[in-house]
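Results of the structural survey
Take a look at the letters that make up each chain.
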Amino acid sequence: MDKISNDRNVNSPYNFISSQTSKSSNVAFGDLLASAVNKPITATALTPVASVSNVNFKDSLNSALQSYGINVPPALRITSGQNGYELSGDNRNVKFQSMLNENPALRDGMAKMINSATMDRKQALKNAMAEFGGSNPSASVSNFLDQFELAQKDKEISIKFNGSDIKVEEKSDQGWIPVKDKASFTLELIDAYAKYMLKHAVTSESDKDDPFADLELKKNMAKTAVEG
């Protein structure tokens with residue numbers, strides 16, 4: 001993890017075409033970043049990526065739950081396990097399984113919600129990383145992005161339904177949270193990279209052979225430091 005070796009080439013998914021910029025953005029970047037590192041990053045309220053507003057689906061689900069004597073609330077936490085969709089650790093699961101067996105359309109609707117949220121999350125991560133890395137990422141930034149992407153992959157996705165509101169959430173170290181979007185990934189990238197720079201002694205002068213390396217990133221982080 002300490003060794004920085006891999007450069008991204010022009011075919012990298014993190015390389016986007018951008019206009020030429022000047023070296024002036026490097027001025028006082030170190031001071032601005034140092035200030036940013038010491039400031040807490042405040043995330044805006046996250047909006048679930050796959051909130052469901054389909055009244056018919058919710059009505060159908062509620063009707064089926066009532067038919068099988070499944071009381072909601074308390075909210076249902078529907079996860080996908082080896083046996084399909086289930087209420088893991090919930091004593092309502094036996095009735096829930098019987099309900100799904102008799103209502104395959106509900107199972108299909110749940111699968112569509114989870115698949116949609118999973119694809120949206122992957123695209124949001126890809127877009128946030130591409131914007132963060134800019135058109136000319138240095139070896140250190142490329143290495144960081146590889147590690148960040150690996151840590152963000154394959155998060156468990158579930159459905160939460162409280163009888164009136166249904167949404168898709170992902171499992172985090174802090175429990176279930178709204179599925180991350182591009183804005184939330186960007187905030188995490190900025191915070192994680194500031195810590196990464198300190199841990200690995202990476203500086204804005206790491207790629208002296210290419211003075212334009214990470215120019216867009218430096219400008220964005222400097223802007224964040226000033227606005228924060």
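You'll find the structure just up there.
To start, this report covers the structure provided alongside it. Every value quoted in this text rests on a predicted model; they were computed, and no experiment measured them. (Residues numbered from 1 in each chain as written. Predicted model: local features only at pLDDT ≥ 70, side-chain atom pairs only at ≥ 80, totals over all residues. Heavy atoms only, no water.)

**Some remarks on the overall build of the protein**
Rules: The secondary structure listing takes helices from DSSP runs of H or I that are at least 4 residues long and strands from runs of E that are at least 2 residues long, numbered from the N terminus. Under the scheme applied here, a residue whose accessible area is under 20% of the maximum for its type counts as buried, over 50% as exposed, and between as partly exposed, the area being computed with a 1.4 Å probe on protein chains only. The contact criterion used throughout is that any non-hydrogen atoms of two residues lie within 4.5 Å. Surface accessibility follows the Shrake-Rupley procedure with a 1.4 Å probe radius. Residue values consider only the protein chains on display as shielding.
When helices and strands are counted, the protein shows 7 helices and 5 strands. Along the protein, helices and strands appear, N-terminal first, in the series α-α-β-β-α-α-α-β-β-β-α-α. Counting across all 228 residues of the protein, residues that qualify as buried make up 39%. A sequence separation of at least 24 residues applies to 72% of the contacts in the protein between residues at least 6 apart. Accessible surface, the protein as shown: approximately 13,000 Å² in total, 49% of it carbon and sulfur.

**Re the pairing of strand 1 (residues 76-81)**
To keep things clear, this is the line we draw: Strands were regarded as paired on the criterion that DSSP finds at least two bridges between them.
Judged from the 3 bridges that link them, strand 1 and strand 3 (residues 157-161) form a sheet pairing that is antiparallel. Residue Ile78 lies in a different strand from strand 3, and its bridge partner there is Ile159. Bridge count between strand 1 and strand 2 (residues 84-86): 3 bridges; the pairing is antiparallel. Looking across to strand 2, one finds that Gly81 is bridged to Gly84. With antiparallel pairing between neighbouring strands as the criterion, strand 1 and strand 2 make up a hairpin whose turn holds 2 residues.

**Structural notes on the sheet that holds strand 1**
This is how the line gets drawn: To obtain each axis, a line is fitted to C-alpha atoms, and for helices this fit is confined to the stretch in contact; angles are then taken between N-to-C directions over 0 to 180 degrees.
Across the sheet, 5 strands lie side by side as 2-1-3-4-5; this open sheet has antiparallel pairing. Of all strands in the sheet, those with a lone pairing partner are strand 2 and strand 5 (175-178), marking the two edges. Shown here is a sheet whose adjacent strand axes are inclined to one another by a mean of 35 degrees, direction ignored. This element, helix 3 (residues 93-102), spans strand 1 and strand 2 of the sheet and lies at about 135 degrees to strand 2. Sheet contacts for helix 4 (residues 104-133): strand 1, strand 2, strand 3 and strand 4 (166-172); angle to strand 3, the most-contacted strand, approximately 125 degrees.

**Here we look at the pairing of strand 5**
Successive side chains on a regular strand alternate, one facing one side of the sheet and the next facing the other. Note: strand 4 against strand 5, 4 bridges, orientation antiparallel. Following the sheet pairing, Ser172 is matched in strand 5 by Gly175.

**Some remarks on the side chain of Asp90**
Note the following rule: Polar contact is the term for a pair of N or O atoms within 3.5 Å; when the atoms are in protein, one must be able to donate a hydrogen and the other to accept it, and sequence-neighboring residues count only if both atoms are side-chain atoms.
Within the secondary structure, Asp90 sits in the loop between strand 2 and helix 3. Polar side-chain contacts of Asp90 include one of 2.7 Å to the side chain of Arg92.

**Concerning the packing of helix 3 against helix 4**
Here is the rule: Oblique is the label for every angle not falling under 35 degrees (roughly parallel), over 145 degrees (roughly antiparallel), or within 65 to 115 degrees (roughly perpendicular).
Their axes nearest at 5 Å, the elements helix 3 and helix 4 cross at an angle of 100 degrees. Classified by the angle between their axes, helix 3 and helix 4 sit roughly perpendicular to one another. Across the interface between the two elements, Phe96, Met99, Leu100, Asn101 and Glu102 of helix 3 pack against Pro104, Leu106, Arg107 and Met110 of helix 4.

**Here's the deal with unusual backbone geometry**
Cis geometry marks the peptide bond from Val72 to Pro73; its omega dihedral reads 0 degrees. Considering the arrangement of structural elements, one finds Pro73 in the loop between helix 2 (55-67) and strand 1.

Such coordinate-based values are descriptive only and should not be taken to indicate function.
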